[in-house]
Amino acid sequence: MTGLGHRLHRPGSTPVHRLPPQCKLVATAAFVLAVVCTPREAVWAFGGFALLLAAVAALARVTPGFLVRRMAVEVPFVAFAVLLPFVARGPRVEVLGLALSQSGLWSAWNILAKASLGTAASVLLAATTEPRQLLLGLERLRLPPLLVQIATFMLRYADVIVGEMRRMRLARAARGFDGRDVRAFGVLARSAGALFLRSYERGERVYLAMLSRGYDGRMPVLNEIAATRAQWAVAAVLPVAAVLVASGAWMVG
Amino acid sequence: MTPSLEVSGLAYAYPDGTQALYGVDVTIGKGERVALLGPNGAGKTTLVLHLNGILHGGLGTVRVGGLTVDPKDRKGLREIRRRVGIVFQDPDDQLFMPTVREDVAFGPANLGVGGAELERRVETALARVGMLEVADRPPQHLSFGQRRRVAVATVLAMEPEILVLDEPSSNLDPAGRRELAEILLGLDVTMLMVTHDLPYAAELCPRSLVLSGGVIAADGPTPEVLGDEALLRAHRLELPYGFDPAFFARR
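Since the structure is predicted, the reported quantities are computational estimates derived from the model, not experimental observations.

1. Re the overall build of chain A
Scanning chain A from N- to C-terminus turns up ten helices and two strands. Relative to the 2.2 N^0.38 estimate, which gives 18 Å for 253 residues, the radius of gyration of chain A is 23 Å and therefore markedly larger than a compact globule would have. C-alpha extents for chain A along the principal axes are approximately 65 × 55 × 30 Å. Taking all 253 residues of chain A together, 38% fall into the buried category. Carbon and sulfur atoms make up 69% of the accessible area of chain A, which totals about 15,100 Å².

2. Description of the packing of aromatic side chains
Using the criterion set out here, one finds nine aromatic pairs over all chains in the structure. Ring geometry for Tyr12 of chain B versus Tyr14 of chain B: centroids 5.1 Å apart, planes at 85 degrees, classification edge-to-face. Among the aromatic residues, ring-to-ring pairing joins Phe153, Tyr207 and Tyr215 of chain A together with Phe96 and Phe106 of chain B into one connected group. A cation sits over an aromatic face here: Arg10 of chain A above Phe66 of chain A, 4.2 Å from the ring centre. One cation-aromatic arrangement involves Arg156 of chain A over Tyr157 of chain A; the distance from NZ or CZ to the ring centre is 4.8 Å.

3. Observations regarding the UniProt feature "transmembrane region" (unreviewed entry) in chain A
Cross-referencing UniProt, the feature "transmembrane region" (unreviewed entry) maps to residues 42-59, 71-88, 108-129 and 230-252 of chain A in the present numbering. Helix makes up 95% of residues 108-129 of chain A and strand 0%, whereas the separation of the span's terminal C-alpha atoms amounts to 31 Å.

4. Observations regarding the pattern of salt bridges
Where side chains of opposite charge bring their charged atoms close, a pairing between them can arise. Under the counting rule described, the total for this entry stands at 27 salt bridges over all chains. Taking the shortest distance from any N to any O, the salt bridge between Glu79 of chain B and Arg83 of chain B comes out at 2.8 Å. Of this pair, Glu79 of chain B and Arg83 of chain B both sit in helix 2 (residues 74-83), four residues apart, which is roughly one turn of the helix. Taking relative accessible area as the criterion, Glu79 of chain B reaches 24% and is therefore assigned partly exposed. Arg83 of chain B gets classed as buried once you look at its relative accessible area, which sits at 16%. Close ionic contact of Arg101 of chain B with Glu123 of chain B constitutes a salt bridge, the shortest N to O distance being 3.2 Å. Taken together, the positions of Arg101 of chain B in helix 4 (residues 100-110) and Glu123 of chain B in helix 5 (residues 115-128) put the pair 22 residues apart, joining distant regions of the chain. Taken together, the salt bridges that share partners define one network made up of Glu164, Arg202 and Arg205 of chain A together with Asp90 and Asp93 of chain B.

5. Describing the environment of Ala218 of chain B
All names here are of chain B. Its location among the elements puts Ala218 in strand 10 (residues 215-221). Its relative accessible area of 12% is what places Ala218 among the buried residues. Residues within four places of Ala218 in sequence aside, it is in contact with Ser208, Leu209, Val210 and Leu231.

6. Overview of the packing of helix 3 (residues 43-59) of chain A against helix 10 (residues 229-252) of chain A
Residue and element names in this part refer to chain A. The N-to-C vectors of helix 3 and helix 10 enclose an angle of 170 degrees; their axes lie 9 Å apart at closest approach. Judged by the angle between their axes, helix 3 and helix 10 are roughly antiparallel. Touching Trp44, Ala45, Phe49, Leu52 and Val56 of helix 3 are Leu238, Ala241, Ala242, Val245, Ala246, Gly248, Ala249 and Val252, all from helix 10. Its residues assigned to classes, the contact of helix 3 with helix 10 comprises twelve nonpolar, one polar and no charged.

7. Here's the deal with the sheet that holds strand 3 (residues 33-37) of chain B
Residues and elements named next belong to chain B. Strand order in this open sheet of six strands is 6-7-8-3-9-10, and the pairing throughout is mixed. The sheet terminates laterally at strand 6 (84-87) and strand 10, the two strands that pair on one side only. Each neighbouring strand pair of the sheet contributes to a mean axis angle of 20 degrees, computed without reference to strand direction. Here four bridges tie strand 3 to strand 9 (residues 207-212), and the two strands are oriented parallel to one another.

8. Looking at the sheet that holds strand 1 (residues 5-13) of chain B
Remark on secondary structure: sheet strands pair via backbone hydrogen bonds, oriented parallel or antiparallel. All names here are of chain B. Across the sheet, which stays open at both edges, the four strands sit in the order 2-1-4-5 with antiparallel pairing between neighbours. On the outer flanks of this sheet lie strand 2 (19-28) and strand 5 (67-68), each paired with one strand and no other. In this sheet, strand 2 lies alongside strand 1 in antiparallel orientation, the contact comprising seven bridges. What sits directly across from Ala11, in strand 2, is Tyr22. Against the sheet, helix 1 (residues 44-51) makes contact with strand 1, strand 2 and strand 4 (59-64), and its axis sits at roughly 120 degrees relative to strand 1, the strand it touches most.

9. Let's talk about the environment of Thr18 of chain B
Residue and element names in this part refer to chain B. As for its placement among the helices and strands, Thr18 is situated in the loop between strand 1 and strand 2. A sequence separation of 77 residues divides Thr18 from Leu95, and the C-alpha atoms of the two residues are 30 Å apart. Not counting residues up to four positions away in its chain, the partners in contact with Thr18 are Tyr12 and Ala13. Looking at Thr18, its side chain comes within polar contact range of the side chain of Asp16, at 2.7 Å.

10. Observations regarding the domain arrangement of chain A
Residues and elements named next belong to chain A. The assigned domain composition of chain A is domain 1 (15-138 + 227-252) and domain 2 (144-212). One C-alpha centre belongs to domain 1, the other to domain 2, and the line joining them spans 35 Å. Facing four residues of domain 1, the contacting portion of domain 2 comprises four residues. Of the roughly 330 Å² buried between domain 1 and domain 2 on both sides combined, carbon and sulfur atoms contribute 85%. Run the count over domain 1 and domain 2 and you get zero salt bridges. At the boundary of domain 1 with domain 2, the tally comes to zero residue pairs in polar contact (both at pLDDT 80 or more).

11. Here's the deal with unusual backbone geometry
For Arg61 of chain A, which is not a glycine, the phi torsion comes out positive at approximately 55 degrees. Mapped onto the fold, Arg61 of chain A is located in the loop between helix 3 and helix 4 (64-70). Phi is positive for Glu159 of chain B, close to 50 degrees, though the residue is something other than glycine. Looking at the element boundaries, Glu159 of chain B is found in the loop between helix 6 (144-156) and strand 7 (162-166).

The rules behind these values
- Residues numbered from 1 in each chain as written.
- Chains lettered and ligands numbered in written order.
- Predicted model: local features only at pLDDT ≥ 70, side-chain atom pairs only at ≥ 80, totals over all residues.
- Heavy atoms only, no water.
- Helix = DSSP H or I, 4+ residues; strand = E, 2+ residues; numbered from the N terminus.
- Rg over C-alpha atoms; globule rule 2.2 N^0.38 Å.
- Buried < 20%, exposed > 50% of the residue type's maximum accessible area, 1.4 Å probe, protein only.
- Areas by Shrake-Rupley, 256 points an atom, 1.4 Å probe, with all protein chains shown as cover.
- Phe/Tyr/Trp six-rings, centres within 6.5 Å; stacked < 30°, edge-to-face > 60°.
- Lys NZ or Arg CZ within 6 Å of the ring centre and 35° of its normal.
- UniProt positions renumbered as here; feature names shortened; annotations may be inferred.
- Salt bridge = Lys/Arg side-chain N within 4 Å of Asp/Glu carboxyl O.
- Contact = heavy atoms within 4.5 Å.
- Axes fitted to C-alpha atoms, helices over the stretch in contact; angles between N-to-C directions.
- Parallel < 35°, antiparallel > 145°, perpendicular 65-115°, else oblique.
- Nonpolar A, V, L, I, M, F, W, Y, C, P; charged D, E, K, R; others polar.
- Pairing = 2+ DSSP bridges.
- Polar contact = N/O pair within 3.5 Å; in protein donor to acceptor, adjacent residues only side chain to side chain.
- Domains from an automatic or database assignment.
- Buried area = accessible area lost by both parts, 1.4 Å probe.

Okay, structure coming up:
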């Protein structure tokens, strides 16, 4: 069974893997912020960010191939960026015989560079942190507990619901259903409705089971482990370096 | 000695008007293992959900180890839910935490147990069902039989007065069924087992109740109940094909 997020996670015991999840979450968010704040004209700065991430990836033993493949999720989002040089207005430059908008080119570069760096940072985070650990990290960062609970249940039940969906698909196929064109939509919609109802009923049963074991609206805190100063300091290396690069870019630019 | 469970005159109708229980009286002594038999729709689950106060509002009283179930008394209700450990039929409903260890800790942690004592309870409960080695795995990666056993551990960790099992043998393969039986027989705890798996009841429970049409239709030693063919037929209960009820009596 492939669990949610298990294709993203690469088990290991490198220093990056061992850092407490809350430190990694804060470091990633701070790094992305620094990247986003950097002026787009400072091309060298983005090279610096990429080098920083490459260093983290090397330390975490995440191969470049894995990183690039997992970054494919950003493709639909940056597809828009590719259009910009053609549709944006303003002065034009000649590139390979095409007249492209100058400001459009800058915007495209801006989106592409920042999105790629952000995605790479997130993929690194996911590759070195189990999904469960990520949620613990969010809990320790004092995110609203209800949100964390919902995400935790999603993690637990995604496989169960996908399993149910697979069985329904098998049952449809076993009775000769072949959903290839628009006429199949009605059947698929009813299946989706049935799946929703089943999940809803399961939710009620789970709630009963929770009540039976003394649940009173709050999840018990089971994993309260604070990170040490040293761990925070190690995690801070990446964002601090990124902030230095970003400030450099502002001063030079 | 105070009985583990005393149900008297329990009647209940669902909000839509369907009457499920018509005056149920049951007393289960400490350390007894009792099977609750009955066809589908007899009110077995309704009765079980009354034992820890999840359903209430009808007539009659339920007492667990001498303490009356009173849904208005929140502190008392918490104690009741500690005393009545329900193992639900689908372990995927019961195991909702990300790892086995956290799931087993959920109940005692809600009761305010923490630190080393919590650790001890979790390990003891898992050891009692032979599942200590899977403590750090997510429940969805276990086999069905393992999940059922972990579900029993989640309840044992609360050190209940009475263990209530809803169809414990359902969906288990024969080996898983036997392994669970061995574990349950080894537990020193009062047990109420809801089932229509009659041989399983005979194997595990010296005493049987038949719940049918919302009342207790029979109460006696399991071999006698299962040997009464007319009684079984009257309440849609059947032994598997080729089963000789005399076999139970001889044991």
